[in-house]
Amino acid sequence: MTIQKENSSETTPEAQDWTDELERVGFIRSIFLARRWYGADWWFVAISTVMVIIFVIVALLPGLFAPYDPHEIVGSRFLAPGEHPAVPVLIVPVDSPFNSLKDLAVPAGESRPPVGVVQGVPTGGALNELAQVIDDEIKNEPEGLRLRPRINRYPNIEEALQAVADGDDLAAVIQSTEWEGGMAEQFPTLREGQSITGEISSTGGFFMGTNDIGQDVWSRLLWGTRVALFIGFSASIVALVFGVPLGLFAGFLGGPVDRLLSLVMDSLYAFPGLILAIAITAVLGPSVLNVIVAIAVLYIPTYYRIVRGQTLSVKEEIYVEAAQSIGARRAEILWQYIFPNVIPSVAIIFSVNVADAILTGAGLSFLGLGLPPTIADWGIDVARGQRFIQTGWWMITYPGLAIISVVLAFSMMGEGLTEIFNPKLRER
Amino acid sequence: MSPIALIALVIGIPSLLFLIYVFVRGSVGLRRYILTRIVLTLPMVFILATLVFFVMHVLPGDPVSSALGPKGTPEMLARIRTQLGLNDPLIVQYGRFLLDMVTLRFGNSLVLGHRPIIDEMSERFPATLELVVPASILALLIGVLGGTFAASRRKRASDYAWRIYSVFIYSLPIFWLGLMFQLLFSVRLNWLPVSGRIDAALGSNLVRITNLYSLDSLLTGNWPAFFSVLEHLVLPTLTLGLILSGVFVRMTRINVIETLQADYIAAGRARGIRERVLVYGHALKNAMIPVITLIGLQVAILLAGAVLTETVFSWPGMGSYLVQRISTRDYTAVQSVITVFALLVALISLAVDVVYSLVDPRVRY
């Protein structure tokens, strides 16, 4: 219970010493000294600030940390985290000129090269897909080559390989692990060619697995930071830019303007934000900008209410009255005497709002609204993973954890700041 | 009688009687307060309806052409636009919209058999109610007890533990929590059903009276159906309830802390009243008043959470209806659902304020 001991020792004379000391030391050092006053709350803010800085760096330079492009297909589908990816390789006779799938292309009109695969194993499908991709690539080249292998299916690996050894097939496609696990010795006349997926296949496995089309979950997660933080910050800043001045003016001027604005803002505040955002994005159509607009509209009332309330109470302070009596202009009073008082609350709401906006944005994209489905975004990834909940837990779990850690950083900051700045809660 | 009317009667008649009782027996100040509050609800409903109208009719984007898709011929488009009155001047559309929404004439769905929207809602609304009520109760239990406990041990380890709980819960995406529950309890352990309200076989022979399945199965003594309903309710309720409880813990804690600093608590302490009695008896009772109002304001979180929870668990309530109709571009349905949500928010905040004024005699105009 060290925390309590520190608190009980903070009697008035000592606290006085601290304030004196704070005035002597610089700003940075005073932040560190503040730890003695605020105990765990200081740590809340400190840890979350470090987390936020890390997230901002990742959001600015995701390419530096991500091993792959978030949109590129880098491996087989549904690879579990760390699972050794099955690499389908081409097996050819030792003296064969063919090395990769592309070498099997022949001029249009010639007979299709026979390739053996094992029945009931996904390599056959993969072979077809990849051959199609390569075929589309080379189709328009001047050589006029086409790649349309004739696929022969065999009941087991031995028969498939035997067909190649006998010269019935030009090549066979099996998993590299199967070749290395005994087949190489059994068929000395054959050799291993390249993997049919070409350069992109990784043998090290994927830290967080791959998704339903074979993209790297970890890379998508890192790139998703950018969209999440962009939406969170922009929406909160837009809301702040509208909400704070409105709250200041309404609180300062009072009268019918204040009453009308407050009625509108209170109604907006009471309305379920996500539902309004759903409606707005559904009408405007999917784009990052529309999501920001939809979320910003929701948070204007939050700033408005707090700033207005504070303005109302500060307006009655003696020093404002004093400023009025020495003839300060109204704009001056508003800017120099009232505005500085609302800054701490605005800072708290801002950090909570960023957290909220990220959550709402993720909710919107989970529902399939808001963001275009091609963007690497956590909500979209979770929604995609939901369809494969029986096979791939990692596709749902990791993007969700990413949302939590970012939101947690911002809301922890808000929580700590509230406790530090809210004088109502300070112990007597 | 449609289920929605039944539920409206069950909730509406007692609250009306209660209101009349309060009016007859209450003081002049109370009467004036409640009247003012009711009058103030009208502009709120009006503003929210205007907002819905603005979003659905004034923002760019043509709902009809997107509803028809590429199949729609220009003639069809023009016919439906005239039918819906979309060619009239905006101000005429606005007036008609307000009138329709206030009298609950929602019209027919644009897609899927063109059913009256009110019929679809009367099937959907009880489902949402069945989810939202137990979730709120769960959240209240956790929130009030946890928050008070944390406040009574301010700045001690258990206080920090509860605060971290509330911040952590607040940071959970509700849809993700639901999916994690599904992964653990349905996919891995196979204890509970993944989605839906009731087993399909049991659902087909359940007699529907109110469309609240738990109530219907109880009324007809259909025990297998009742247990199936409970089984399906566990995960969605847990998801929504836990998420809500984070906010409740936080609010209760702050309010109890404020109350614990009051002079009468210090006086009680000086007289030797036990700390537990002070916290759970004296302080909590007074702190509950602002807490209830604040909780009343969380209807927004509750409804937004319901939309996501229903989507995750394929729960056929209002929220999943909204999402489903947005994807089929059925804009009359979308606009009606949002209006109903707005009405709900306004009515609940009115109810909370009235109850508040009854409990706390300081609240008067």
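Residues numbered from 1 in each chain as written. Chains lettered and ligands numbered in written order. Predicted model: local features only at pLDDT ≥ 70, side-chain atom pairs only at ≥ 80, totals over all residues.

Participant: Any details on the domain arrangement of chain A? Residues and values, ideally.
Facilitator: Examined at the domain level, chain A breaks down into domain 1 (88-195) and domain 2 (217-427). Measuring from the centre of the C-alpha atoms in domain 1 of chain A to the corresponding centre in domain 2 of chain A gives 57 Å. (Domains from an automatic or database assignment.)

Participant: Quick one: what's the story with the interface of chain A and chain B, residue by residue and with numbers?
Facilitator: Taken together, the contact pairs 46 residues of chain A with 45 residues of chain B. Considering every element that reaches the side of chain A that touches chain B, the biggest residue donor is helix α17 (residues 393-421) of chain A, with 10 residues. Its residues placed into classes, the side of chain A that touches chain B shows 32 nonpolar, 11 polar and 3 charged. (Contact = placed C-beta atoms within 7 Å. Helix = DSSP H or I, 4+ residues; strand = E, 2+ residues; numbered from the N terminus. Nonpolar A, V, L, I, M, F, W, Y, C, P; charged D, E, K, R; others polar.)

Participant: Residue-level account of unusual backbone geometry, with values.
Facilitator: All names here are of chain B. The backbone of Asn190 sits at a positive phi, close to 60°, despite the residue not being glycine. Summarising the element assignment, Asn190 is placed in the loop between α8 (174-188) and α9 (200-204). Since 9 C-beta atoms lie within 10 Å of it, Asn190 is described here as exposed. Positive phi is not limited to glycine here, since Ser314 has a value of about 45°. You can see Ser314 is positioned in the loop between α14 (299-312) and α15 (318-327). (Buried ≥ 20, exposed ≤ 12 C-beta atoms within 10 Å, placed from the backbone.)

Participant: Give me the lowdown on the nonpolar core, citing residues and values where you can.
Facilitator: A:Ile275, A:Ile278, A:Ala279, A:Ile295, A:Ile358, B:Leu48 and B:Ala342 are the most contacted members of the largest nonpolar core, which has 170 residues in total. In terms of residues, this core owes the most to one element, helix α10 (residues 217-253) of chain A, which gives 17 residues. Sequence-distant contacts of B:Ala342, that is, excluding residues within four places in its chain, are made with A:Phe271, B:Val45, B:Leu48, B:Ala49 and B:Val52. Within the second largest apolar cluster, 27 residues are counted, among which are A:Val89, A:Ala131, A:Leu161 and A:Val173. (Core = buried A, V, L, I, M, F, W, Y, C linked by C-beta atoms within 7 Å.)

Participant: Please set out the confidence of the model for chain A residue by residue, giving values where relevant.
Facilitator: All names here are of chain A. In this model, chain A carries an average pLDDT of 79, and 87% of its residues clear a pLDDT of 70 or more. Helix α1 (residues 2-9) is the least confidently modelled element of chain A, averaging 43 in pLDDT, while α10 averages 91, the highest of any element. A low-confidence stretch, residues 1-11 stays under pLDDT 50, and its non-local contacts, those more than four residues away or across chains, total 12 contacts. (pLDDT = per-residue confidence, 0-100.)

Participant: Give me the lowdown on the sheet that holds strand β1 (residues 88-93) of chain A, citing residues and values where you can.
Facilitator: All names here are of chain A. Within the open sheet, the 5 strands sit side by side as β5-β3-β6-β1-β7. Their pairing is mixed. Here the strands that pair on one side only, and so sit at the sheet edges, are β5 (150-154) and β7 (190-195). Mean inter-strand twist for the sheet, computed between neighbouring axes without regard to direction, equals 35°. By the bridge criterion, 4 bridges tie β1 to strand β6 (residues 171-175) in an arrangement that is antiparallel. Within β6, the position partnered with Pro88 by the bridge is Gln175. Running at roughly 95° to β6, helix α9 (residues 176-186) makes contact with β1, β6 and β7 of the sheet. (Pairing = 2+ DSSP bridges. Axes fitted to C-alpha atoms, helices over the stretch in contact; angles between N-to-C directions.)

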